[in-house]
Amino acid sequence: MISQPTYFEAQQWAFSYVKAHNGYREDATWLLRAPHEWDETALLVHLRDSMPLAEWQQYQTNVQRVCAGWPPQQLVGKAPFFGRWFAVTEDTLIPRVETGDLVEWLLADYPENEEKRVVDLGTGSGNIGITLKLAHPKWQVTLTDISPQAARVAETNAHRLGAAVNVVVGDLIAPLTGQFDVLVMNPPYIAPSEQAQMDASVLEHEPAQALFAPGNGLAVYRRLAVEAPRVLLPHGRIYLEIGWHQGEAVRQLFETQLPAAQVTVRQDEAGHDRMVRVCL
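Keep in mind that this is a model prediction, so the values were computed, not measured.

**Focus on the nonpolar core**
Right, so step 1: Counting 35 residues, the largest nonpolar core has Leu 183, Tyr 221, Leu 224, Phe 254 and Val 278 as its most contacted members.
Right, so step 2: At the level of secondary structure, the elements contributing two or more residues to this core comprise strand 3 (117-121), strand 6 (180-185), helix 10 (219-227), strand 7 (232-241), helix 11 (247-257), strand 8 (262-267) and strand 9 (273-279).
Right, so step 3: Of the residues forming this core, the biggest block, four residues, is contributed by helix 10.
Right, so step 4: Excluding anything up to four places from it in sequence, Tyr 221 contacts Pro 187, Tyr 189, Leu 240, Glu 241, Ile 242, Gly 243, Gln 246, Val 250, Leu 253 and Phe 254.
Right, so step 5: Counting 25 residues, the second-largest nonpolar core is a separate cluster that includes Phe 86, Tyr 110, Ala 158 and Val 184.

If you want it as structure tokens, here you go:
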């Protein structure tokens, strides 16, 4: 085995390893780029550079572990979201591309110069709330999570990315004081009965309380329909990510509880229901 390869040689070793162990070339390349936060072009620039020995040793370990079922983001301790890198741990969900669509929807609804009070509920790594704050610096953004460990990760990300947000620990709206213009959340929405269809790496390495909810995955939506109006200003809004088959159920739930609200379901690029906006 090469003692200190170039990045190109390390990549070629990894391609051979993942092929022999039913892994993916994409993961091998991602693990090469992510520690440096390189995009594909930057990797090409550095392919002929020598790889530091400690990095080479860690890379070999990471490639072996990703073939054993670890998410690559957990192995390097960070993941990209909305053009930035966020620290992640096994106490937080790994940010998904689909959640960026929810952020884009919310940002498009409000001009940048408007001052708003916004809460990112169940923030995890803080990727939603921190992204909103950096996009609209005048907003007052609060992040909440029931997990103290996740809240610490969010605080770390906020400090590193220069986002002046408030992080509090508590269950949904319980730790909030005052009233807000917007509540946003990527809640747990997977029914426990759906575990058999899920990827093992998610089940083993991401927090169950951020994934699963009783009542066919609708429990958090039911709670928010009842509790959210207590902390929302008149004409406040709720933005939520949903499961691909939950659009009609979530719509009916909010329309029943809040008859005067306007509920909009939006699809992702694949045409699946993915987001809900509730306008009071």
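Anyway, onward from the coordinates.
**Observations regarding the side chain of Thr 144**
Right, so step 1: With respect to the helices and strands, the residue Thr 144 is situated in strand 4 (residues 140-145).
Right, so step 2: Look past the residues within four positions of Thr 144 in its chain and what remains in contact with it is Val 119, Asp 120, Leu 121, Gly 122, Thr 123, Val 168, Leu 172, Pro 175 and Leu 176.

**A short note on the layout of surface pockets**
Right, so step 1: Of the pockets and cavities examined, the largest pocket occupies roughly 1100 Å³.
Right, so step 2: Along its surface, the largest pocket is lined by 50 residues, and Leu 93, Pro 187, Pro 188, Ala 210 and Leu 211 are the ones closest to its centre.
Right, so step 3: The element contributing the most residues to the lining of the largest pocket is helix 10, with three residues.
Right, so step 4: Across the lining of the largest pocket, the residue classes break down as 23 nonpolar, 16 polar and 11 charged.
Right, so step 5: Around the second largest pocket sit 18 residues that line it, and Gly 69, Trp 70, Pro 71, Asp 199 and Ser 201 are the ones nearest its centre.
Right, so step 6: Of all elements in the fold, only helix 4 (53-67), helix 5 (72-76) and helix 9 (200-205) reach the threshold of two or more residues within the lining of the second largest pocket.
Right, so step 7: The dominant element in the lining of the second largest pocket, judged by the number of residues it contributes, is helix 9, at three residues.
Right, so step 8: Each residue belonging to the lining of the second largest pocket can be placed in one class, and the counts come to nine nonpolar, five polar and four charged.

**A look at the pattern of salt bridges**
Right, so step 1: Inspection of the entire model under this criterion finds nine salt bridges.
Right, so step 2: Notably, a salt bridge pairs Arg 277 with Asp 109, separated by 2.8 Å at the nearest N-O pair. Note that Arg 277 is positioned in strand 9 and Asp 109 in helix 6 (residues 97-109), a separation of 168 residues in sequence.
Right, so step 3: Among the ionic pairs, Arg 274 bridges to Asp 268, the shortest N-O distance being 3.5 Å. Like Arg 274, the residue Asp 268 is buried in the burial classification.
Right, so step 4: Through salt bridges with shared partners, a single network forms among Asp 109, Arg 237 and Arg 277.

**Description of the packing of helix 1 (residues 7-20) against helix 4**
When two helices pack together, their arrangement is given by the angle between the helix axes and the distance between those axes.
Right, so step 1: Closest axis-to-axis distance for the helix 1/helix 4 pair is 10 Å, and the angle between their directions is 20°. The angle between the axes of helix 1 and helix 4 places the two elements in the roughly parallel class. Here the hand of the crossing between helix 1 and helix 4 comes out right-handed. On the side of helix 1, the interface is formed by Tyr 7, Ala 10, Gln 11, Trp 13, Ala 14, Tyr 17 and Val 18, while helix 4 contributes Glu 55, Trp 56, Tyr 59, Gln 60, Val 63, Gln 64 and Cys 67.
Right, so step 2: Here the residues of the contact of helix 1 with helix 4 sort into 10 nonpolar, three polar and one charged.

**Some thoughts on the pairing of strand 5 (residues 166-169)**
Right, so step 1: Where strand 4 lies against strand 5, four bridges are found, and the strand directions are parallel. If you follow Thr 144 over to strand 5, its bridge partner there is Val 168.
Right, so step 2: On the question of chirality, the crossover connecting strand 4 to the parallel strand 5 by way of helix 8 (residues 148-161) is right-handed.

**Concerning the packing of aromatic side chains**
Right, so step 1: Tallied over the entire structure, the rule returns nine aromatic pairs.
Right, so step 2: An angle of 40° between the planes, with centres 5.9 Å apart, marks the rings of Trp 30 and Trp 85 as tilted. Here the residue Trp 30 occupies a position in helix 2 (residues 25-33), and Trp 85 occupies one in strand 2 (residues 84-87), the gap between them amounting to 55 residues.
Right, so step 3: An angle of 35° between the planes, with centres 5.9 Å apart, marks the rings of Phe 81 and Phe 82 as tilted.
Right, so step 4: The class of Phe 81 is buried, set by a relative accessible area of 4%.
Right, so step 5: Three or more aromatic residues joined by ring pairs make a cluster, and in this case those are Trp 13, Tyr 17, Trp 56 and Tyr 59.

The rules we used
- Residues numbered from 1 in each chain as written.
- Predicted model: local features only at pLDDT ≥ 70, side-chain atom pairs only at ≥ 80, totals over all residues.
- Heavy atoms only, no water.
- Core = buried A, V, L, I, M, F, W, Y, C linked by side-chain atoms within 4.5 Å.
- Buried < 20%, exposed > 50% of the residue type's maximum accessible area, 1.4 Å probe, protein only.
- Helix = DSSP H or I, 4+ residues; strand = E, 2+ residues; numbered from the N terminus.
- Contact = heavy atoms within 4.5 Å.
- 1 Å grid on protein atoms, 1.4 Å probe; cavity = no way out; pocket = protein on both sides within 12 Å on 5 of 7 lines; lining within 4 Å.
- Points joined across faces, edges and corners; volume = space filled by probe spheres on them.
- Nonpolar A, V, L, I, M, F, W, Y, C, P; charged D, E, K, R; others polar.
- Salt bridge = Lys/Arg side-chain N within 4 Å of Asp/Glu carboxyl O.
- Axes fitted to C-alpha atoms, helices over the stretch in contact; angles between N-to-C directions.
- Parallel < 35°, antiparallel > 145°, perpendicular 65-115°, else oblique.
- Left-handed = near helix turned anticlockwise from the far one by under 90°.
- Pairing = 2+ DSSP bridges.
- Right-handed = clockwise from strand over helix to strand, strands pointing away.
- Phe/Tyr/Trp six-rings, centres within 6.5 Å; stacked < 30°, edge-to-face > 60°.

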